Structure formats: C-alpha cells, structure tokens
Protein chains: 2
Amino acid sequence: MFQTDKTMRSDRVPLNRVRIRDDFWSYYIGLVRDVVVPYQWEALNDRVENAEPSGAVRNFRIAAGLEQGDFYGMVFQDSDLAKWLEAVSYLLEADANPELEEIADGLIGIIAKAQQDDGYLNTYFTVKEPDKRWTNLTECHELYCAGHMIEAGVAYYRATGKRKLLDVVCKFADYIDTVFGSEPGQLPGYDGHQEIELALVKLYEVTDNERYLRLSKYFLDQRGQKPDFFEAELQKRGGKTHWPGAGKHVDLAYHQAHLPVREQETAIGHAVRLLYMLTGMADVAALTGDESLLAACRKLWDNIAGKQMYITGGVGSMPQGEAFSFDYDLPNDTVYAETCASIGLIFFAQRMLRLAPESKYADVMERALYNTVVGGMARDGKHFFYVNPLEVNPRACHGANHKYDHIKTVRQEWFGCACCPPNVARLLASLGEYIYTVQGDTVYTHLYIGGEAELQVGGSRVKLVQTADYPWDGLVRFTVHPQEGGEFALALRLPDWCPEASLSVCGETVPLDGRTVKDGYARVLRRWQEGDVVELRLAMPATRVYSHPLVRANAGKVALQRGPLVYCLEQADNGANLHGLVLPKTAELSARREEELLGGVVTIEAEAERQDEGAWAGGLYSPQAPSATRPATLKFIPYYAWANRGEGEMTVWVREQ
Amino acid sequence: MFQTDKTMRSDRVPLNRVRIRDDFWSYYIGLVRDVVVPYQWEALNDRVENAEPSGAVRNFRIAAGLEQGDFYGMVFQDSDLAKWLEAVSYLLEADANPELEEIADGLIGIIAKAQQDDGYLNTYFTVKEPDKRWTNLTECHELYCAGHMIEAGVAYYRATGKRKLLDVVCKFADYIDTVFGSEPGQLPGYDGHQEIELALVKLYEVTDNERYLRLSKYFLDQRGQKPDFFEAELQKRGGKTHWPGAGKHVDLAYHQAHLPVREQETAIGHAVRLLYMLTGMADVAALTGDESLLAACRKLWDNIAGKQMYITGGVGSMPQGEAFSFDYDLPNDTVYAETCASIGLIFFAQRMLRLAPESKYADVMERALYNTVVGGMARDGKHFFYVNPLEVNPRACHGANHKYDHIKTVRQEWFGCACCPPNVARLLASLGEYIYTVQGDTVYTHLYIGGEAELQVGGSRVKLVQTADYPWDGLVRFTVHPQEGGEFALALRLPDWCPEASLSVCGETVPLDGRTVKDGYARVLRRWQEGDVVELRLAMPATRVYSHPLVRANAGKVALQRGPLVYCLEQADNGANLHGLVLPKTAELSARREEELLGGVVTIEAEAERQDEGAWAGGLYSPQAPSATRPATLKFIPYYAWANRGEGEMTVWVREQ
C-alpha cells in the first residue's frame, strides 16, 4: 500500500561537511551571518527604528503567557520567525556560534511555552481567535506556518542535536495528523498555502516516522479533489473571509486546487505556492516511488522552465495573485518574479536533482540563484527586492502608471509582509546543500562554488576541494583527497550556457563525448589518488541570447549573458531612454573585469546606436522616420547588481538590428 | 467685473441647416436613428433580453410617484436617460419624427413629475437617500447628472421649440445656483465629475441668463482651491464613502482638483472628467474673454495632443482611474482610451475651433472621430467598445494575464455602466455641429463630410453643397449657392496627414501659399456666383507614421495611415503571432478598395517578413538568433473596422527593419 524507498534519492550532505570558501559567495554568506540574521533578529523584536514593527517575537511571548497584549501583524507572522530560526540553524550547522545559539535556545523556550497542551502552535489563532482554529485553511496559512516551524525544528536538531524544538514540532505534527484525514470527525483538507508538504518530509527524514510522510502525501492527494474543500469551508464560515475585499468564491487555480495535483500540466496561480507544492511532490515521489506524482513534477517543470520562466530565473508574470500567467507571456516591465518564487524554484530543482541528476534542473537552479536571488538582496544585506523586474523606467513608477505600482525602483528595507528577506537568508545559509549530490558511486557537482566537501560515496570517503573564480572565470579545479577507498566517479555539470568545455584529469585531457557525458554531466570514474586534480574549463564568452519567437515581449530584442550571469543596461552607465538604444547584430561584445565597480564585476561593452531625441523634428507622430542616431558605447552590468547606484532606468532586453 | 462677449466665438449652426449626405457617415447616422436609439430605449426600459437591466426609466417613474420600488443601478444612472434624450433631440432637430417625439414627450412628462418642488432632480437621492443631497459631490455625480439633463433640455428645446424640459432644467439650475456659492450657508464646492460646467454654458446660450454662465465659471474657479472641498466633505461625512473599498483620502488629481484649473499644465486623472472640464473652460473663456482660462486650455491641449494621445485619437493610458498617466507613456496593450474620452476630446476641439480656427484642433477631432469613435461601435449598432486598445492578444485576455482584465476582445452589448453607447449616439446624431464654423466673413470647413449646409456668413446667406468620397478619396468638391449677398470667404482645412494638396475655384488653380493658407486653412475670399465650384484635392497615399522617440511602446515600430484613417493588422488577414511580423523599410504600400470587406474599405498591402516559429530550434532561450523568416503579404485594414470578424489578434504598430 504505502511503500517507502529512500534509496530513490540522494542523501542530504550536512553543512559542516560542505564548507564554502568562494570569492563570490563567501561575501553573501558572510552578509547573512553578520548583517541579515542579526538585523532580522532586531526586526523580529521590533527594535528597528523607523521600520514597521514585526511583532513576531512578541506574539510568541503573548501566546506563551509571558506578556500581555494583542496579536500584531499578518496571520502568517509566525513564519518569519520560523524562517529566521531555520537560517540560524544552517549557520550553526556550518560553524559554531555560542552567542547565536543562546539566543536561539531562548527563543525556542518561548516557542515551546506558546505551544498548547494538545500540541497546537500558532500565535494568531491562540491569541486572537482561539475558537477559530482550522476554520479557514484557504486564507489563514495555519499549516503553512506549521510547515515553517517544522522546517526550523528539523534544521535546529540537525545543527545542534538539541531535540527541544524538534519535540515541539513532532507533537504539533502528531496533533495535525489527528485533525486531518478522511475518517469521520477529521478534516479532509489541506492548506491554502502549500509548505507543510515539504516540511513533513523533512520531519520524516530526521525521525524516520512514516506517519509524517503519509500525512504529507495525504495533503497532496486531497488538493483539487471534488467536492472542493475550500468552497465547503467558505460555506461553513457563512461566506466570511479573512482578507477584506476577498471575493465570495475561492480562486481555486490561485491555490493550485483547481485539479488534483497529478492532473496539473500547466503552471498557474500563485508562484510560490506552486513551487513549494512541487518541492513536496518531488520529495514524496522520491521517497515512495510514486510514478504519477513524479510524472506531474516533470510536466510542470518542463512547463515552467520551458515556457514560463524569465531569463533571470524569475517566475510569476503578473502581480495580480503574484502568479503565473500563461505560456510565453513574459512581460519584462509588469512582471512579478518574486524573490521567494525563484527560491521555490531552486528548492524544486534541488529535489529533482536529488532524485536523478539531469543538468537541466541545475541549469535553472544556477540561473535563479545568480540572477534573481542574489539580485534580490543589496550588497549591504539590509535592502531587498520582492519583485524583480527586467525592465524599469522610474518615471512610470510611483503611481505615474498604476500598472507599475508593485514595482520598486530600489531595494526596500524589511517589508510589512516580510517573506523574501528571511527566505534569502535561509537559502544562502544553506547554500552548501545545493552544490553536490551523491548517487550510487558518483559525486555530482551541480554548482561551481569554491570550498571543501567531505563526502561519502559508495564505499569511499573523500575530501573534495573545489577552487574557482566563478562566475567570472570558467576554470574550475577539483583536488581529490580520498580518505577511505577511492574508486568512485566525479560528475561535473556542463552548463547550458557554455558553448565549449574541456576536461582534464591530472593534466590528461578527457574527451567529452557520449562515453563521458550523460544527462549534461561529464563523468570520470577511476581509482583516485591523493592530490589528483581535475580541471574543467568552461568557455565563458559574452553571448547574445534570444527568446523563443512566441515570447511577445522580446520580439526583435536580445539579451546578453556571460557564464551564468544575465546582463542588463542601467541608466547610470548608459544615460536615459534605454528603449532608444539599438545593438547592431554585428557589434563585438567585449568583457572587462572592473574590480572597483559594484563589489567587482565583469562588464560587457559594445558599440551601438542611440536614437537621437534631439534630432526629432516631428510632434507626437510624424511621417518622417526617426533616422538620426548617434553612436553609443553600451555598458552592460550583471543583472544581479542593478539598482545599487540610486534610481534609474534598467533593461535586460535591448533592441537588435 | 463679469463681462460676456459672444462675438468671441462662432455661433452654433442648427442641425436642420447642416444635412449630412455622405457615403461613410450617413450609414452610421442611420444606425443611430434606426438601431442605436430604438435599442437604447428598450434597454433604458429594461426590455432587452439577457441584458443587465438599466432601471433608468423606472427610477424616474418611481421618483415621479408613478410606480413603487427601489432605485436600481449606478448613482449616475439618470445620465444614461438624459444622454439618450439629447441624442433624440438631435435626430429631431435634423428630421421630423413624430413617433419618436411622442416617446420623448412622454418621457419628459415623467421627468417633470420626478422633479421636486424646490427644483431638485435626481432619482438616486430622491428615491434612495433623500436626506443626503449634496453630501458627497466627490463620488455621487449629482451635478454631473444635472449637467446631462440640462444638455438634454437645451437640445430638446432647440429641436422642437418645446419648453417643458427646458423649464425643468432652468428651475433645477436656479435651485443649484442657490445651493452653491461662497455666501454663508452655501456650499463652496463643485462636482466630482465635471459636466455641469459645459451644460450651464449651453443653458446660458439658449436663455441668455448670465446667472448660468456665472455659475459655470464659479464651479471652474472653485476647483482645486484650498482648503480642499472634497476632503472637507469627506470629513463631514465621517469618512463614509459611496463606493465600497474607496480610500480614506480623496485622489484629488483623479478629479483634477489638485490645483486651480488655471494652474494645471499637464493632463492627469480621469480622462473624461478632464476633457469635459476643458470643454467648459473653453466655453467660459470664449464667452467672457477670460485670457488665463484660455491659456490653460491651450497648455492642456498641447500636452494632450502633443504628448499623451494615441495615434487613434484615444486618450487615457491606464485603466486604473480610466486616466492619463504621463508624457509619452502610451502603452498599446494596457491602454484605456475610452470611447467617451475621445468624444470629450472632440467636444474640446470643437470649442477651441469655435473660438479661433486652427487646424490642429480639427486634425485631432478628425483623428478621434474616424478611428476611436467609429471604432467604438460595431457595424450592427448594437455592440460597443468602452476601451479601445491598439494591440490585442486574445490569449492574454479573459483573465490569463490580469493586466488585460479591462480589455474586451470583441465589442460588447450595453454595459452595466453604460456611458459610451449613448455618448456615441449623441455625438453622431449631432455630427453636423462639427463640420463648419463661421467666423466673421469666413466659413471654415473642419471636416470633409458630404451634405448641404445653409449658413449665415457676415451679411451673406449661402447654401454650400459638399460632395466627397472621404475618407477613401481625397477629392472634395464644394458647390456654392449664394442666397443673399455673396462676398465671403471659404476656408478649407489642410489636414496634417496630407503631404500635398491642391485647390481650384471654378477650374482655376489657387496657389496654396502664405497668402491663402493661414492656421492650416486654405482661404478663398471672393464674390461667389451661383454654382461656383471649389475643388480640394488632398493626396491620400498610404503613409508610414512614426512616434516621438520618447514613446517607449513604439520604439522600432511603425504604423500605417491613409487619409484620416489609422490602419491595423488583424489575425483574420495575417494569421496569429502578429508580434513576429516585420515590415521592411523599403516595402511598397499598395492601397486597394475592397467593396465587399467590412462594409467597403480601402486595405493596404505590403510584402513583409514573418518570424518562422516552426524553424526555431532552441528552447525558451537560445544563443541562436531566430534568423529564419518567411515572406508574408501583410494586409492592413482601417483600425475602426477591427474586431468585426470574431476574436483575434490585432495591432496598430508593427516592427520595422
């Protein structure tokens, strides 16, 4: 009936065994540790001046009976704190930090006190609507918050070995398992915001208690069944909605509840919800060998990556519902592309890779990571983008044309609904989880990030040292230090952006052909000796990239990419009216390292043409073609670094002729 | 102090003295008479099956005590009925129609009964909130509805000589004049939706009662003064709003109340509101010689026509607030371009022309009329566009991307908020008002529409017969029949779209130079003899038109125009994926008359290139340029005729290379 088979996927590699030492990423991880996490702790405690209070810690203190007061914030405020605690756990797993651990232990004490006798844990309902538990799954994120707390509990246990929060979330999950189900008196439902599905799988992984895996699968299986749970729930509440102005009917597609999950073929609805769901689906599929669930994951992956993803790895083409729109609809200016959605895409990709390495998943993971996710955070670690547009004209924003009301032209401090910053923090703090997977006798390298990893592969144990100047340079070097055994394979991803790669082992070229390359990975199987060196050379030319002809927004336009980095034009380098620039098809692209610019980047320059507005003799419309152009040297910077020099125009796609 | 000077502007020419006999327009005017007006009468009486009821007539019957029941519809529902009655008046002014007049008389009887003893007339407040009169000018359109009823009263009096409705509206206006003003106990306010300003001027023109002109000016002068009336009103109501979800603050710019009207320089806010206001401003400026008011009209005209108008004469770049956005912001797909706003633009242009003929006003009037306004109505007279996009992809509509939720891909039947259809009806029924103005010794011809006009010019009286096959052919012939006197000038507009014009009088060429051409009109002064023939030949080649380089949406694109008609590509003629079409700079444009197509149109064909989607080998993104194109013969049709062959893609602007 219910079979589990953990061998279907790669084990997680603990973070203290994948140490990152990388010129590019160490800076960001340092930021998370030294700036983001401390700053967020202040924010969660309402100690940031001139910022909207969070209330998150205080809500738990109130629910714990340690303080008097009212609940403050969004109905899902608890999740901010859980995500923070999860990020802290990853930092602690990588490096001891007694001071931070003490703060976390204190917070966990409060959380444990806020848990109700029956296991329930949610400060909104405990403090504000104690008699309304589980009456509005559609809108109130109850299981979503539970899921984040479970993730935190698992992460903290893995990091410290301390069971306190793990016990809390197990008790909570056990209680949830009694509430939901198809037995009489149980709720046959699921959450309005997917998240608990993937969290329960993590809980299963650390506890080995199949009850959690089964509950995760139950939530997935129930979604989209008829009669619809959300509509029934709405009826039961007498049509009462949590959000003012919410409609009288549930938008099922928004919650991906329009069809059973196995029957969904096109990405639709709220992007983060879908990607968290798919992450859980891939998890359950891997652990139960559920082929139809896996087939749905593959179909939806192909739809997202093949028809609904921005070149930056952003997803979600419209602000209404923070949602997917439809195939090939990728407007650059009114885009949503929430940072959290790209993080969700990375989660999903990682689960697919743990199941079976195919480079297409890692290619997208890299694309999302190096462009949208890094771009979501300023280099000061204190300012964030929710929405990551590919084209911005500040004049059109700030209410000038209301279709841009969701677009911020510069990164903002902590938001009222603060999902993205702690999500970036927990992803970057756990970045070591995304670099390698081990499958059978093979170590797969998905991301080229410098550092040391101690891995168990088949009967061998190996320390692998990766050094690279990625993403600026395409030479990646691995030094192999076998510790035990030594016969195993190294498989290195050949990125989709790379036109030419070469591989050598101890100075000898390994031909990249059908014998060595499979599913986008170059694989070298041998008995490794201490100090063996593997060098992968990835040609990294500045490259023009075009969109599928059905992408209306990019017709006649080109984008530049170099390595995994997508480039953009900014007003700071190129003046205003970027729409008037035309890149000739024949223009040479020259890349140049600029150490002083934006923390050190490679820029790309090209000789192009600029519409000369001053030479226009007509009025608003004229039969005279605007023939006058002036030569212009365009300077492209990596997309992730945009909007770090004040407000200005930006565009990824530029006209080509 | 308050001086009036009617000589500052051209008198209105009654519609029974400008008879239209024109292959193009007679069809539409016949539609208004035979289909639109009868159909709307059924709609106003809730007798159209499967359509949302209007309630408009019933509301008046209830307010008149002739029927029991509740008010139904929008707070401004009365205005639908008034606009219908105004259209009927114009039809009656042009041609006797006893049956229609009887219906109108009956309706006027009901309206008169619905008037309250003190003169107040508004069914919403009378029936539903009798104690709330004048408490929410901002939102409740009370003076707006009054304005439309005044326009109807004036029009019906002019058409029939019957005073009943005129007396009703005079009594109402007298009462309004006691309510509003700066004396103690009066309201120093103005309406949230401008309209009464221009209506009071009409009332002044037929009654010669300066009180109405003064009140109009008062409303204009009060708008935008501090302390703000709308905010004060909101405070007085305790923050209560009429529309659910309305904010706690008034968006003053939406109502053009952010600045005194004389200080406004940029078109902003709700487009129809602004254009009705400007029409009233031009009226008052003309009749009082108010130079600062006139200067504001000119500035705002130049801003609209020079920086914020679509090539189709549409205005209003965004659906939020049905509003102007900012200079050069003219997105083709998310545009609003409400039919009513283009009608407002025509009103404003007409007032500027009556004040002082300059062809730039008539050029815009013609552009709006031949493109957006005619396009707003289907050839069956029963389906209408509110919103007139310049680029439509049906796949993106119907909720697929919510930024297009306001876009209809085909014309709709009568709307819940039914402003546009009766507005089209009243404009077309009064089209004769827009063709000529007489200024001093000169008859100015602004529009080339066939028919006969009997005009008083200086000391002369003349019958002028205009014949043309406009807008398909550029030859316009005038035959002059002097009835009395005979020495006067004919001035003919030289349209902005025309690259070459020639003029002859009785077979003799008149050179078009500085002596004959002024402000865009070719003027011929002479003593006219019976049967004198004037021929104007306007070269009407199919022409490429370009946008100002600051218009981001049209960068690299071209539109076609021939005569006053803007053209578009439809999927019906050109297949799907119009964004993949490229018109070479060198492609010849060949125009062809097609009598069987869309009621008879001139189409334009050109050899172009089509992106070959089938030849695309890449995925969503690829370093391979989409080089494969196939030859494609493009067929352009007049924009006004789009969406008459089912749902499909459409675009006005096409890529050029």
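What you see is a predicted model; the values in this text were computed from it and never measured.

**Comments concerning the overall build of chain A**
Here's step 1: Secondary structure summary: chain A contains 17 helices and 25 strands in total.
Here's step 2: Its C-alpha atoms give chain A a radius of gyration of 25 Å, within 12% of the compact-globule value 26 Å for 657 residues.
Here's step 3: Referenced to the eigenvectors of the C-alpha coordinate spread, the extents of chain A come out at roughly 75 × 70 × 50 Å.
Here's step 4: Out of the 657 residues belonging to chain A, those deemed buried represent 64%.
Here's step 5: When contacts within chain A are restricted to residue pairs at least 6 apart in sequence, those whose partners lie at least 24 apart make up 72%.

**Description of the nonpolar core**
Here's step 1: Judged by nonpolar contacts, the single largest core of 239 residues is most densely connected at Trp25(A), Trp134(A), Ile176(A), Leu203(A), Phe219(A), Leu369(A) and Val652(A).
Here's step 2: Broken down by element, the residue count for this core peaks at 13 residues, all from helix H12 (residues 271–288) of chain A.
Here's step 3: Not counting chain neighbours up to four residues away, the residues in contact with Val652(A) comprise Ile311(A), Leu390(A), Val558(A), Ala559(A), Val566(A), Tyr567(A), Cys568(A) and Tyr639(A).
Here's step 4: Residues Leu187(B), Tyr204(B), Ala296(B) and Tyr448(B) belong to the second largest nonpolar core, which totals 238 residues.

**As for the domain arrangement of chain A**
All names here are of chain A.
Here's step 1: We note that the domain assignment places domain 1 (6–434), domain 2 (436–538) and domain 3 (556–656) within chain A.
Here's step 2: Inter-centroid distance (C-alpha atoms) of domain 2 to domain 3 is 37 Å.
Here's step 3: Between domain 2 and domain 3, the contact holds five residues from the first and 12 residues from the second.
Here's step 4: In total, about 660 Å² of surface goes out of reach between domain 2 and domain 3, with carbon and sulfur atoms giving 62% of it.
Here's step 5: Sorting the residues of domain 2 by area buried against domain 3 places Pro471, Trp472 and Trp497 first, and these three jointly supply 89% of that buried surface.
Here's step 6: Counting across the interface, domain 2 meets domain 3 through one salt bridge.
Here's step 7: As a salt-bridge pair, Arg593 and Asp469 come within 2.9 Å of each other at their nearest N and O atoms.
Here's step 8: For the pair domain 2 and domain 3, the number of links is two residue pairs in polar contact (both at pLDDT 80 or more).
Here's step 9: When grouped by side-chain class, the residues that make up the side of domain 2 that touches domain 3 number four nonpolar, no polar and one charged.

Conventions used here
- Residues numbered from 1 in each chain as written.
- Chains lettered and ligands numbered in written order.
- Predicted model: local features only at pLDDT ≥ 70, side-chain atom pairs only at ≥ 80, totals over all residues.
- Heavy atoms only, no water.
- Helix = DSSP H or I, 4+ residues; strand = E, 2+ residues; numbered from the N terminus.
- Rg over C-alpha atoms; globule rule 2.2 N^0.38 Å.
- Buried < 20%, exposed > 50% of the residue type's maximum accessible area, 1.4 Å probe, protein only.
- Contact = heavy atoms within 4.5 Å.
- Core = buried A, V, L, I, M, F, W, Y, C linked by side-chain atoms within 4.5 Å.
- Domains from an automatic or database assignment.
- Buried area = accessible area lost by both parts, 1.4 Å probe.
- Salt bridge = Lys/Arg side-chain N within 4 Å of Asp/Glu carboxyl O.
- Polar contact = N/O pair within 3.5 Å; in protein donor to acceptor, adjacent residues only side chain to side chain.
- Nonpolar A, V, L, I, M, F, W, Y, C, P; charged D, E, K, R; others polar.

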